[in-house]
Amino acid sequence: MLRDRIIDSCYSMLELIYRANIFQDIKDKKEIVIKIQMLNFYLEEALHKELIKNKKFESYVNHLIDIDKMTRAWFSYETSKQSL
């Protein structure tokens, strides 16, 4: 079900964040961005199926945008640090 996929993706993303923080693996950071995009897709589906209201959708998406920006900045920082 869609609800289960959203919950599983959230837990999976959290695990990837911990893993990327501990092991500093760029692959994990890329996976975080993929999970964010999938969560965004699932939330759009939930909105279209009227499982969530537009206001909730906007709130969730704004949080995902913030997480995406932080992850990409983290990724850029790690990439630039490795090139030094």
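Just so it is clear, the model here is predicted, and its values are computed rather than measured.

### Side note on a nonpolar patch on the surface
At step 1: A contiguous nonpolar patch, built from Ile7, Tyr11, Leu14, Tyr18, Ile22 and Phe23 and spanning about 700 Å² of accessible area, is present on the exposed surface.
At step 2: Here tyrosine 11 is to be found in helix H1 (residues 2-23).

### What about the packing of H1 against helix H2 (residues 26-48)?
Between two packed helices, both the angle of their axes relative to each other and the distance between the axes serve to describe the pair.
At step 1: Running from amino to carboxyl end, H1 crosses H2 at an angle of 160°, the nearest separation of the two axes being 9 Å. In terms of their interaxial angle, H1 and H2 are classed as roughly antiparallel. Here the hand of the crossing between H1 and H2 comes out left-handed. Touching Leu2, Arg5, Ile6, Ser9, Cys10, Ser12, Met13, Leu16, Ile17, Arg19 and Ala20 of H1 are Asp28, Lys29, Glu31, Ile32, Lys35, Ile36, Leu39, Tyr42, Leu43, Glu45 and Ala46, all from H2.
At step 2: Here the contact of H1 with H2 is composed, by residue class, of 13 nonpolar, 2 polar and 7 charged.

### Some thoughts on the confidence of the model for the protein chain
It should be kept in mind that the predicted coordinates are not to be read in detail where pLDDT is low.
At step 1: Per-residue confidence for the protein chain gives a mean pLDDT of 91; residues scoring 70 or more make up 98%.
At step 2: Of all helices and strands in the protein chain, the one with the weakest mean pLDDT is helix H3 (residues 54-83) (89), whereas H2 scores best (93).

### Brief notes about the pattern of salt bridges
At step 1: For the coordinates displayed, the defined rule picks out 2 salt bridges.
At step 2: A salt bridge links glutamate 15 to arginine 19; its shortest N-O distance comes to 2.9 Å. Note that glutamate 15 and arginine 19 are positioned in helix H1 at a spacing of 4 residues, about one turn of the helix.
At step 3: A relative accessible area of 44% means that glutamate 15 is categorised as partly exposed.
At step 4: In this structure, aspartate 68 and arginine 72 form a salt bridge, with 2.9 Å as the shortest nitrogen-oxygen distance. Taken together, the residues aspartate 68 and arginine 72, both in helix H3 and 4 residues apart, mark about one turn of the helix.

### Some points on the nonpolar core
At step 1: Judged by nonpolar contacts, the single largest core of 14 residues is most densely connected at Ile6 and Ile32.
At step 2: Within the residue set of this core, elements represented by two or more residues are H1, H2 and H3.
At step 3: For this core, the element with the most residues is H2, which contributes 6 residues.
At step 4: The residues contacting isoleucine 32, other than those within four sequence positions of it, are Met13, Leu16, Ile17, Ala20, Thr71 and Trp74.

Conventions we followed
- Residues numbered from 1 in each chain as written.
- Predicted model: local features only at pLDDT ≥ 70, side-chain atom pairs only at ≥ 80, totals over all residues.
- Heavy atoms only, no water.
- Patch = residues over 30% accessible without salt bridge, like charges linked within 9 Å, V, L, I, M, F, W, Y side chains within 5 Å.
- Areas by Shrake-Rupley, 256 points an atom, 1.4 Å probe, with all protein chains shown as cover.
- Salt bridge = Lys/Arg side-chain N within 4 Å of Asp/Glu carboxyl O.
- Helix = DSSP H or I, 4+ residues; strand = E, 2+ residues; numbered from the N terminus.
- Axes fitted to C-alpha atoms, helices over the stretch in contact; angles between N-to-C directions.
- Parallel < 35°, antiparallel > 145°, perpendicular 65-115°, else oblique.
- Left-handed = near helix turned anticlockwise from the far one by under 90°.
- Contact = heavy atoms within 4.5 Å.
- Nonpolar A, V, L, I, M, F, W, Y, C, P; charged D, E, K, R; others polar.
- pLDDT = per-residue confidence, 0-100.
- Buried < 20%, exposed > 50% of the residue type's maximum accessible area, 1.4 Å probe, protein only.
- Core = buried A, V, L, I, M, F, W, Y, C linked by side-chain atoms within 4.5 Å.

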